[in-house]
Each structure stands twice: as C-alpha cells, then as structure tokens.
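Spelled out from the first residue to the last, the chains are:
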Amino acid sequence: MSVPHESMRKLLVREYMDGFRASSHARVLRCLTDDVTWYLPGQPTRHGKREFDAEIENEAFEGSPKLTVARAVEESDTIVITGEGEGLHREQGPFHFAFATVFDFRDTLICRVESYVVPLP
C-alpha cells in the first residue's frame, strides 16, 4: 500500500506551523499573500501582512508555542487542521488549548486564516 504524497499546499501549511513553533515571522509571512486576512472569533480581524505580523507573537504570552497537528484535511482551495497546543501566558501561567484552523488559498499562498482556539483544563 503506497502512502499518498503530501500536496504543496499541505507542505506550505506545515511551514506556516513550523514558523509559529519557532516564532519566525519571516517563515510565517512567506506563506501569506500581501492582503491576507486573519479571522479570530472574538478578536479584531487582522488585514494584511503588517497586522498579521504584529499578532504572530502575542504580547500576553512568552516564548514559542508547542503545537501538535492531529489532522489535516484538504478540499479545493482550503485546508483545515486540528490539534492541540501549549503556551505560557504571562499572567495566568500555562495555557493548554485545542485548535482548528482553516486556511484558504489563492494560487500557491494562504490568503485567509480562520482560527478557533478552545482552552483545555
């Protein structure tokens, strides 16, 4: 039984996630269109690379997050990933969460990110 190859878009999402794990703004931003939109329910929507860049390292947290992707599903111009993560909140301490992120593509780059984060005990 052969293993299906990973699509170029899934490889780009992997690079995006690795960039977040390393707090590497350059790695994350290379994956995005200039007019990218980042929608986080309950937060202001970020428009463009400059606003996106400012949110890569949230000031409420210190260090880089630990992110584990459990699933990646691709259909048409969209990839959805789910997983869990850990971060260190400056005031509240360790923060463990589940996440689902929807990536929409335009050609070979991510043009929209929709992130859902659910705190876990």
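Scroll up to find the structure this text is about.
Attention in this report is confined to the structure presented alongside it. Since we're looking at a predicted model, the values are computed, not measured.

1. Description of the packing of aromatic side chains
One pass over the full model with this rule turns up 8 aromatic pairs. Summarising the aromatic geometry, the rings of Phe-20 and Trp-38 are spaced 6.0 Å apart at their centres and angled 75° between planes, so their arrangement reads as edge-to-face. On the criterion of sequence distance, the pair formed by Phe-20 in helix 1 (residues 8-21) and Trp-38 in strand 1 (residues 32-39) is long-range, its members being 18 residues apart. Side by side, Phe-20 and Trp-38 carry an identical accessibility label, which is buried. Between the aromatic rings of Phe-97 and Phe-99, the centroid separation amounts to 6.3 Å while the plane-to-plane angle is 50°, which identifies the pairing as tilted. Taken together, the aromatic side chains of Tyr-16, Phe-20, Trp-38, Phe-52 and Phe-103 make up a single cluster linked through ring pairs.

2. Looking at helix 3 (residues 48-56)
Among all positions in helix 3, only Gly-48, Phe-52, Glu-55 and Ile-56 are buried. Seen along its axis, helix 3 keeps its buried residues to an arc of 110°; they face one direction. Among the exposed residues of helix 3, those pointing more than 90 degrees away from its buried face are Arg-50 and Ala-54. Buried residues along helix 3 sit in contact with helix 1, helix 2 (25-29), strand 1, strand 2 (46-47) and strand 6 (109-120).

3. Re helix 1
Taking 1.5 Å per residue as the helical rise, helix 1 with its 14 residues ought to reach 20 Å, and the 20 Å between its terminal C-alpha atoms agrees with that figure. Ser-23 lies just past helix 1 and shows a positive phi near 50°.

4. Notes on the pairing of strand 4 (residues 78-89)
Bridge analysis of strand 3 (residues 61-75) against strand 4 gives 11 bridges, and the strand direction is antiparallel. In the sheet register, Ala-72 faces strand 4, and the bridge partner there is Ile-81. From the end of strand 3 to the start of strand 4, which pair antiparallel, there are 2 residues, and Ser-76 there has a positive phi angle of about 55°. The pairing of strand 4 with strand 5 (residues 93-106) spans 12 bridges and is antiparallel. Its bridge partner being in strand 5, His-89 is matched across the sheet by Gly-93. If you look at the hairpin formed by strand 4 and strand 5, you'll find 3 residues sitting between the two strands.

5. Describing the nonpolar core
Core analysis: the biggest nonpolar cluster contains 23 residues, and Tyr-16, Phe-20, Leu-32, Phe-52, Phe-103 and Ile-110 have the highest contact counts within it. Among the secondary structure elements, those contributing two or more residues to this core are helix 1, helix 2, strand 1, helix 3, strand 4, strand 5 and strand 6. If you tally residues by element for this core, the top one is helix 1, at 5 residues. In this view, Phe-52 contacts Tyr-16, Phe-20, Val-28, Leu-32, Val-36, Trp-38, Arg-46 and Val-113; residues no more than four positions away in its chain are not counted.

Definitions and cut-offs
- Residues numbered from 1 in each chain as written.
- Predicted model: local features only at pLDDT ≥ 70, side-chain atom pairs only at ≥ 80, totals over all residues.
- Heavy atoms only, no water.
- Phe/Tyr/Trp six-rings, centres within 6.5 Å; stacked < 30°, edge-to-face > 60°.
- Helix = DSSP H or I, 4+ residues; strand = E, 2+ residues; numbered from the N terminus.
- Buried < 20%, exposed > 50% of the residue type's maximum accessible area, 1.4 Å probe, protein only.
- Arc of directions from axis to C-beta.
- Contact = heavy atoms within 4.5 Å.
- Expected span 1.5 Å × (residues − 1).
- Pairing = 2+ DSSP bridges.
- Core = buried A, V, L, I, M, F, W, Y, C linked by side-chain atoms within 4.5 Å.

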